[in-house]
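Observations on the model geometry
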Amino acid sequence: MHTSLRGWLDHLQCTGRLAMAKPGMQLRHGVAGLANRLAGDNAALFPRPDGHPVPVVANLLGDRTWIAEAMGVEPGDVLAAYGRACTNPRPLCEVSAAPCQEVVHRDVDLERQLPIPTHNEFDSGAYITAGLLITRGPSGQNVSIHRLQVSGPDRLGALLLPRHTLALFAERERAGEDLDVAVVIGVDPLTLLASQAIVPLGQDELEIAGALHGADLPVTRCVTNDLLVPAEAEFVLEGRLLASTREPEGPFGEFPQYYGPRDDRHVIAVDAVTHRKEPIYHTIVGGGLEHLLLGAVPREASFLTQLRRSFPCVRDVHLSMGGTCRYHLHVQVANHAPGEAKNVMLGALALHYDVKHVTVVDTDVDVHDPADVEWAVATRFQADRDLLVVSAAQGSKLDPSTDDGIGARMGLDATVPADAAPSTFTRIRVPGEAELDLVTLTGAAPADWQDAIR
Ligand code: MN
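Residues numbered from 1 in each chain as written. Predicted model: local features only at pLDDT ≥ 70, side-chain atom pairs only at ≥ 80, totals over all residues. Heavy atoms only, no water.

**Notes on helix H3 (residues 64-71)**
Because an α-helix completes one turn every 3.6 residues, residues spaced three or four positions apart along the sequence face the same direction. Applicable threshold: Per-residue accessibility, obtained with a 1.4 Å probe over protein chains only, is compared with the maximum for each type, and a residue is labelled buried under 20%, exposed over 50%, and partly exposed between these values. Here a helix means four or more residues in a row that DSSP labels H or I, a strand means two or more in a row labelled E, and each is numbered from the N terminus. Residue contacts follow a heavy-atom distance rule, with two residues in contact if any of their heavy atoms lie within 4.5 Å.
Within H3, the full set of buried residues consists of Trp66, Ile67, Ala68, Ala70 and Met71. Residues of H3 that are buried in the fold lie against helix H1 (5-14), strand E2 (43-46), helix H4 (78-87), helix H7 (189-194), helix H8 (205-213) and helix H9 (289-310). One or two positions beyond H3, positive phi appears at glycine 72, with a value near 75°.

**What to know about the sheet that holds strand E12 (residues 218-221)**
Convention followed: Two strands pair under a simple rule: DSSP has to find at least two bridges between them.
Overall, mixed pairing links the three strands, which are arranged E4-E12-E13 in an open sheet. Only two strands of the sheet have a single neighbouring strand rather than two, namely strand E4 (93-94) and strand E13 (228-230). As defined by bridge partners, E4 adjoins E12 across two bridges and the pair is classed as parallel. From the neighbouring strand, cysteine 93 faces E12, where its bridge partner is proline 218.

**Section: the pattern of salt bridges**
Quick note on the threshold: We define a salt bridge as a side-chain nitrogen of Lys or Arg found within 4 Å of a carboxyl oxygen belonging to Asp or Glu.
According to the stated counting rule, one finds 25 salt bridges in the structure shown. Between arginine 240 and aspartate 178 there is a salt bridge; the shortest N-O distance is 3.3 Å. Taken together, the positions of arginine 240 in strand E14 (residues 235-241) and aspartate 178 in the loop between helix H6 (164-174) and strand E11 (179-185) put the pair 62 residues apart, joining distant regions of the chain. Relative accessible area serves as the criterion here: at 26%, arginine 240 is assigned to the partly exposed category. Across the salt bridge formed by aspartate 386 and arginine 385, the nearest N and O atoms sit 2.9 Å from each other. Judged by its relative accessible area of 6%, aspartate 386 is buried. One salt-bridge network, in which partners are shared between bridges, spans Arg6, Glu232, Glu234 and Arg276.

**Points about the coordination of the manganese ion**
For clarity, the threshold we go by: Counted as coordinating are nitrogen, oxygen and sulfur atoms within 2.8 Å of the metal, or 3.2 Å for Na, K and Ca, while water is not included, which may make sites look incomplete.
The coordination sphere of the manganese ion contains the protein donors Asn142 (OD1), His164 (ND1) and Glu205 (OE), at a distance range of 2.1 to 2.2 Å. Along the chain, the residues donating to the manganese ion fall in the pattern N-x21-H-x40-E. Placement of the pair is histidine 164 in helix H6 and glutamate 205 in helix H8, with a sequence separation of 41 residues. For glutamate 205, a relative accessible area of 2% corresponds to the buried category.

**As for the packing of H1 against H3**
Short version of the rule: Here the axes come from fitting lines to C-alpha atoms, over the contacting stretch only for helices, and the angles between their N-to-C directions go from 0 to 180 degrees. Just so you know how the angles are binned, under 35 degrees is roughly parallel, over 145 roughly antiparallel, 65 to 115 roughly perpendicular, and the rest oblique. By the definition used in this description, the sense in which the near helix is turned from the far one sets the handedness, with an anticlockwise turn below a right angle giving left-handed and a clockwise turn giving right-handed. Residues are grouped as follows: Ala, Val, Leu, Ile, Met, Phe, Trp, Tyr, Cys and Pro are nonpolar; Asp, Glu, Lys and Arg are charged; every other residue, Gly included, is polar.
For the pair H1 and H3, the least separation of the axes is 12 Å and the interaxial angle reads 120°. By the angle between their axes, H1 is oblique relative to H3. Considering only the axes of H1 and H3, their crossing is right-handed. Residues Trp8, His11 and Leu12 of H1 pack against Trp66, Glu69 and Ala70 of H3. Across the contact of H1 with H3, the residue classes tally to four nonpolar, one polar and one charged.

**Focus: the domain arrangement of the chain**
Here is the rule: Where each domain begins and ends follows an automated or database-derived domain assignment. In this description, buried area is defined as the sum, over both parts, of the accessible area (probe of 1.4 Å) that is lost when the two are combined. Two N or O atoms form a polar contact when they lie within 3.5 Å of each other; inside protein one atom must be a possible hydrogen donor and the other a possible acceptor, and for residues adjacent in sequence the pair counts only when both atoms belong to side chains.
Domain assignment breaks the chain into domain 1 (80-281) and domain 2 (311-417). Summarising the inter-unit geometry, the C-alpha centres of domain 1 and domain 2 are found 32 Å apart. Each partner contributes residues to the interface: domain 1 has eleven residues there, and domain 2 has eleven residues. When domain 1 packs against domain 2, close to 920 Å² is buried across both sides, 79% of that on carbon and sulfur atoms. Interface area lost by domain 1 to domain 2 is led by Leu161, Pro162 and Phe255, which between them contribute 55%. Linking domain 1 with domain 2 are zero salt bridges. Taken together, the connections running from domain 1 to domain 2 amount to zero residue pairs in polar contact (both at pLDDT 80 or more). Taken together, the residues of the side of domain 1 that touches domain 2 break down into seven nonpolar, one polar and three charged.

Structure (structure tokens):
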């Protein structure tokens, strides 16, 4: 298990997956471009970006197997292990002296203190994209990642979609008060994954990070407010979400591979910046592979746990890359009762507004292989019998085909009909094919191949 960003970078370096960029890459498009080109194969370290003394790191998670590695489990056990962490959180362990506060700036100048890249072509400017936004409500702390536009030396524009941070802020704003926040940048991959858990409001996602680490997470109190932040973090921005304040934010390239438009949005005033000595700045390229993966795995784990509570027939789930790791959920079921696949769809659509299209398949279909799921739809699905459409439901505001987030949700039952004759849907296979040992049974054809077969 890997419990610090630096430890994880050591591990990637030792296993040949930490690429070093030429010093001085441009923060505007240069860092994001190279990070995207290396994504999936390599993490990338950028020394002196635009001459800035603080290096940037990108691509901490390259694919699903890296996530399994970080968790210390087999790839097939990732969802179960993540689900266990969500249901068995560990308490925070408060420490007084923390690396993340080795240096304290009360004279905040974001772009002088942090090397903040501009990612996609039409982004309005530099964005903090890997900042864990920590807030506290009546029932405890909350952690989530929001895109944060650099709007001034000590000012950030924030997009708060309708989930926990927005609920906590709205309650405080009604009382005419600001909401204290901490933005934590540069954490280990497990804390990053924990921040994306779909758990009830009131459950502190940092306690899930502890469970993933197998040890209570060391945290420390901010210097200007009472929030508890991961002690090992590289940077912490302390500030306030301002009541009755909205300023222009966007456009910004998002996970659906489109730009979220410019609009008047929430504003954070930054009161202090703390960081390690010689800190490292983590950026997540908007819409890049890491952005997609970070959304997928924690959601899949949460969805699997929640679906299985209502439907024990559910075996596995997958959020496909083509569905932006958010919108297309594949669900595998076994021994389901007649009609139950439709109930599973209804349950799945209710999990999260991002789940737009649900496809339910049997256990002979690999939910992690989009071509296999498409095959099930092609050969087991009849639109007049197996299609469910819900009109004008709450959907994703970042889906440009919706009307400001209001749109249709759809379920496809691609399971074998309960009354089908057994042979009709038996999948073809060659007995023994999978067990053949290609090394002992084959070799390259010789130059005289025509003689060799005589
Ligand atoms: Mn939450």
